[in-house]
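Examining the three-dimensional arrangement
Take a look at the letters that make up each chain.
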Amino acid sequence: RDGWWREMNDYCVIGSGISGATISNLLNKKSLVHSYDKGRGPGGRASFKRVKGKVGFDHGTQYFSPKSKEFKRFVNKLIKKKFLKKWNGKHIYLNTKKKENKKHIKIIGKNGNNDICKYLLRDIKCFYQSEVKKINYKDKKWFLSFNDGKIRSYNSIILTCPFPQLRKLSKKFIKNPFIKKTLKMDANITVMIAIKKRKKSSSSFLFNDTILGWAGNENSKKRFKSNYDLWTLQSTFKWANKKIDYNKKNVKKNSKILIDKFFKLSKIKKTKIIYSINHGWKYSSNSNPFKIKSFWDPKIKLGVCADWFVGPRLESGWISANDLFKKISK
């Protein structure tokens, strides 16, 4: 009987970032849930770029620092389970507008910052490299067309994609005013580099620059041993917004700009680049939250949750997903 009940209440969740992973986990307790993502694995903008074995880069979310009591409890639970840990070390703030708060803890995944999503999706059937091209509602069922030509149907659908992609997929089905709003999500260009190993190195830099915003030392997270120093360099939103549409065409040029800035601003002696990887995030984050935290239409069983409802932080996505679950549960 339980299996039959779950089958009558099946959900398709598009996206395996923090919002998608959280809502999938909550719904899976009483319903059948399938998760789909166009990426190669879970995490969304908290993805971990693996290079070899455990060696890799947090090329999206660098860390998270819990603010709400509820999220703190959740994070502490995962720290006890050894999925997450604190990122200690020497974090240098060169941005004079932001001073380091000693109470501001930095939490990271034990093996990568997508560990939080892996934990939430551990009991969920996930389909990766599966991009949804179109959705349609007919006879009280949702029909999803994927990039491989397959069509799958579900009773309910949850969308957790960036706002521009959401509008393209679902604007004719969502009647709420939020779907008509103008929302320009900020971009980010990330460059991952391997350089000659130094005896001592800082854990991160927060720069006071118009182009380079951040640099994180992956070795300082103590997840793996590497013969090189691995650094993740992230641009400012303002610079990336101008460059993102042509980043693939200008990969070498944009990467060089960020790398040269890194050596100049960090005062680390310029050395040979063993290898570099460039990744552009066109829809990185939204700093202008909406008045609602999530959306649910019980008539057609369509829901939306995402960090951009609440704010630019990873915790925002978790808050949005929990808010949606409350609406669905009413």
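Residue numbers here run from 1 along each chain, matching the order of that chain's written sequence. For this predicted model, a pLDDT threshold of at least 70 governs which residues receive local features, and a threshold of 80 or more governs which side-chain atom pairs are given and counted, while totals over whole chains, interfaces and linings are taken from all residues. Only hydrogens and water are set aside; all other atoms, that is, all heavy atoms of the structure, feed into the side-chain values.

In this analysis, strands are considered paired if DSSP registers two or more bridges between them. Under the DSSP-based scheme used, a helix requires at least four consecutive residues in state H or I and a strand at least two consecutive residues in state E, with every element numbered from the N terminus. Spatially, β9-β10-β11 is the arrangement adopted by the 3 strands of the open sheet, whose pairing is antiparallel. Two strands close off the open sheet at either side, each with one partner strand: β9 (132-138) and β11 (151-154). Shown here is a sheet whose adjacent strand axes are inclined to one another by a mean of 25°, direction ignored. Axis lines are fitted through C-alpha atoms, for helices just across the contact stretch, and the angle between N-to-C directions can take any value from 0 to 180 degrees.

Here we take up the packing of aromatic side chains. In this description, an aromatic ring pair is defined by two values, namely the gap between the centres and the angle between the planes. Stacked, edge-to-face and tilted labels apply to pairs of Phe, Tyr and Trp rings (six-membered ring for Trp) whose centres lie within 6.5 Å, assigned for plane angles under 30 degrees, over 60, and everything in between, in that order. Under the defined criterion, the tally for this structure stands at 26 aromatic pairs. On the numbers, 5.1 Å between centres and 80° between planes, the contact of W142 with F173 is edge-to-face. You can see W142 sitting in strand β10 (residues 141-146) and its partner F173 sitting in the loop between α5 (163-170) and β13 (186-196), a full 31 residues away along the chain. Here W142 and F173 have matching classes, each one buried. Their ring planes at 55° and their centres at 5.4 Å tell us that F262 and F263 sit as a pair that is tilted. Working definition: with a 1.4 Å probe on protein chains only, accessible area under 20% of the residue-type maximum means buried, over 50% means exposed, and in between means partly exposed.

Every case where a carboxyl oxygen of Asp or Glu lies within 4 Å of a side-chain nitrogen of Lys or Arg is listed as a salt bridge. Summed over all chains, the structure comprises 12 salt bridges. Measuring nitrogen to oxygen at the nearest pair gives 3.9 Å for the salt bridge that ties E131 to K133. Look at E131 and you get partly exposed, because its relative accessible area is 29%. Note on K133: relative accessible area 54%, which makes it exposed. Notably, a salt bridge pairs K282 with D245, separated by 3.4 Å at the nearest N-O pair. In this pair, K282 sits in strand β17 (residues 273-285) while D245 sits in the loop between α6 (237-243) and α7 (251-266), placing the two residues 37 residues apart along the sequence. Exposure remark for K282: the relative accessible area of 43% places this residue in the partly exposed category. Under the relative-accessibility criterion, D245 is labelled exposed at 54%.

Everything listed here is a matter of coordinates, which is why it stays silent on function.
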